[in-house]
Amino acid sequence: MNAQNFWQILSEKHDSLTKSGRIVAEYLTRHAEDAQYLSISSLARECQVAEATIFRFCRSLGFDGYNEMKIALAQANATQSPAASYKLEPGTDTATLAGHAAAASIEAINGTRSALDPAALDQAATLLQRARQVFCMGQGGSMYLAQDIWARFANISTKFHLAGDSHMQAITASLMGPEDVVLFISYSGATRDLMETLRLVKNNGAKVILLTHYADAPGAGLADVVLLCGARENPLDSGSITVKIAFLYVAEVLVLRYTLDNQELTAIARDRTSRALAPKLL
C-alpha cells in the first residue's frame, strides 16, 4: 500500500488523470467522509461512470485496487479529523467508552431498521417456510454470524443447516436442488468465494437470501431476496461488533416472522427442546 497520504497522492496525480478520473477525484474531495463507506458499484453510480473507470482511477493513483484505495482514504480522513476520535483516546474513562459503544449499537440498529424492507422480509420468510433445506453461510467473521443465525433457527426445525468454509459451501451448493434455500451473510456482498458459491447455488435452481449492506453488490444480482444491514463499517474497523449487532437484528426480525407464521410448529419444537435441555442445567 502506498505510504503517502491519500490527498497528497491525489494532488500529485491530478493533472495526469483522465476526464472521468477527475470526476471521481472531485466526488471524493467533496464527499470524503461518505465515500469511504461506498462499494465500488455505489461510487461508480454516484460519479455516473463505469466500475472499470473507478478501478482504473485507483490504479492511476498507485493502488492495487478499490479496497486499498478506500482504506487509504479512510486513513486520510482519520488523520484530518482528530476530533472524530477524541472520545476514544487512551485516557478516556470506561463509562464514556460504554456510552460510545451503546450509542454506536443503537445507531446501527436504527439505521438497519430504516433500510429494511418489510416486503423483502416477508418474501424471505416465505422462502424459508417452503424450503426443503436451508443452509446458512458466511465467510470470515460472517461465518460466525451464520452459525448464530443457524443456531436460532435450529431450535425450531432440523431443516436448517450450517455450511462452514468455502470448500464445504461449494460442495453443499453443488448438491442442492430447486427446493433448497441459502441464507448468506456478507457485508460487502462482493467476494470471490461468495460469487462462486452463489453461482453454483443458482445453477442448481436453489434460492438465495442475501444479508448485505450494499443493495447494488455483485452478490445481490444473484439473490432472490436481499435484506439490507444499514450499519456502516469503516474500512479501518473491519469486523465491527456494531455491524454484527445490526446483522443479528435483521436475523431476529426474520426469526420472529418465521415463528409467528408457524406457531404450531414453533410451540411443539420449543416444548421438545426445552425438555431436552432441562437436565443439563444445574
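If you're wondering where the values come from, they're calculated on a predicted model, not measured in any experiment. All residue numbers refer to position in the chain's written sequence, counted from 1. In keeping with the model being predicted, local features are shown solely for residues with a pLDDT of at least 70 and side-chain atom pairs are shown and tallied solely at 80 or more, while totals for entire chains, interfaces and linings include all residues. As a rule here, side-chain values cover all heavy atoms of the structure and leave hydrogens and water aside.

Engineer: Describe the environment of phenylalanine 160, naming the residues involved and giving the relevant values.
Structural biologist: Relative to the assigned elements, phenylalanine 160 resides in strand β2 (residues 160-162). Sequence separation of phenylalanine 160 and leucine 128 is 32 residues, and the distance between their C-alpha atoms is 9.1 Å. With residues near it in sequence (within four places) discarded, phenylalanine 160 still touches Leu128, Val134, Trp150, Phe153 and Tyr258. Only DSSP runs of H or I reaching four residues or more are called helices, and only runs of E reaching two or more are called strands; each is numbered from the N terminus. Throughout, a residue-residue contact means that at least one pair of heavy atoms, one from each residue, lies within 4.5 Å.

Engineer: Before we move on, could you go through the side chain of threonine 266 and cite the residues and values that matter?
Structural biologist: Among the structural elements, threonine 266 can be located in helix α13 (residues 263-277). Burial classes follow relative accessibility: with a 1.4 Å probe on protein chains only, a residue under 20% of its type's maximum area counts as buried, one over 50% as exposed, and anything between as partly exposed. Given the relative accessible area of 4%, threonine 266 is considered buried.

Engineer: If you had to explain the sheet that holds strand β5 (residues 225-228) to someone new, which residues and values would you point to?
Structural biologist: The criterion for strand pairing is that DSSP finds at least two bridges linking the strands in question. Pairing in this open sheet of five strands is parallel, and the strands run β2-β1-β3-β4-β5 from one edge to the other. This sheet does not close on itself; its edge strands, each paired only once, are β2 and β5. Across the sheet, the mean angle separating the axes of adjacent strands is 20° when strand polarity is ignored. The strands touched by helix α8 (residues 118-130) within the sheet are β1 (133-138), β2, β3 (180-185), β4 (207-212) and β5, with β5 carrying the most contacts at an inclination of about 125°. Only the contacting stretch of a helix is used when fitting its axis, a line to C-alpha atoms as for every element, and angles between N-to-C directions run 0 to 180 degrees.

Engineer: Pulling in residues and values, what's your account of a nonpolar patch on the surface?
Structural biologist: Patch rule: a residue counts if its relative accessible area is over 30% and it has no salt bridge; like charges are joined within 9 Å, and nonpolar side chains (Val, Leu, Ile, Met, Phe, Trp, Tyr) within 5 Å. Working definition of accessibility: Shrake-Rupley area with a 1.4 Å probe, residue cover restricted to the visible protein chains. Should a side-chain nitrogen of Lys or Arg be within 4 Å of a carboxyl oxygen of Asp or Glu, the pair is scored as a salt bridge. Together, Met168, Ile171 and Leu175 line one region of the surface with nonpolar side chains, adding up to about 320 Å² of accessible area. In this structure, leucine 175 sits in the loop between α10 (166-174) and β3.

Engineer: I'd love a proper account of the nonpolar core, names of residues and values included.
Structural biologist: In this text, buried Ala, Val, Leu, Ile, Met, Phe, Trp, Tyr and Cys residues form a nonpolar core when linked through side-chain atoms within 4.5 Å. Counting residues in hydrophobic clusters, the biggest one holds 37 residues, and the most contacted among them are Leu128, Phe153, Leu183, Ile209, Leu211, Leu227 and Leu254. Listing elements by their share of this core, those giving two or more residues are α8, β1, α9 (141-154), β3, β4, β5 and α12 (241-261). With eight residues, α12 is the single largest residue contributor to this core. With sequence-adjacent residues up to four places away left out, isoleucine 209 is seen in contact with Ala124, Leu127, Leu128, Val181, Val182, Leu183, Phe184, Val225 and Leu227. Of all hydrophobic cores here, the second largest spans 26 residues; its members include Trp7, Val24, Phe57 and Met69.

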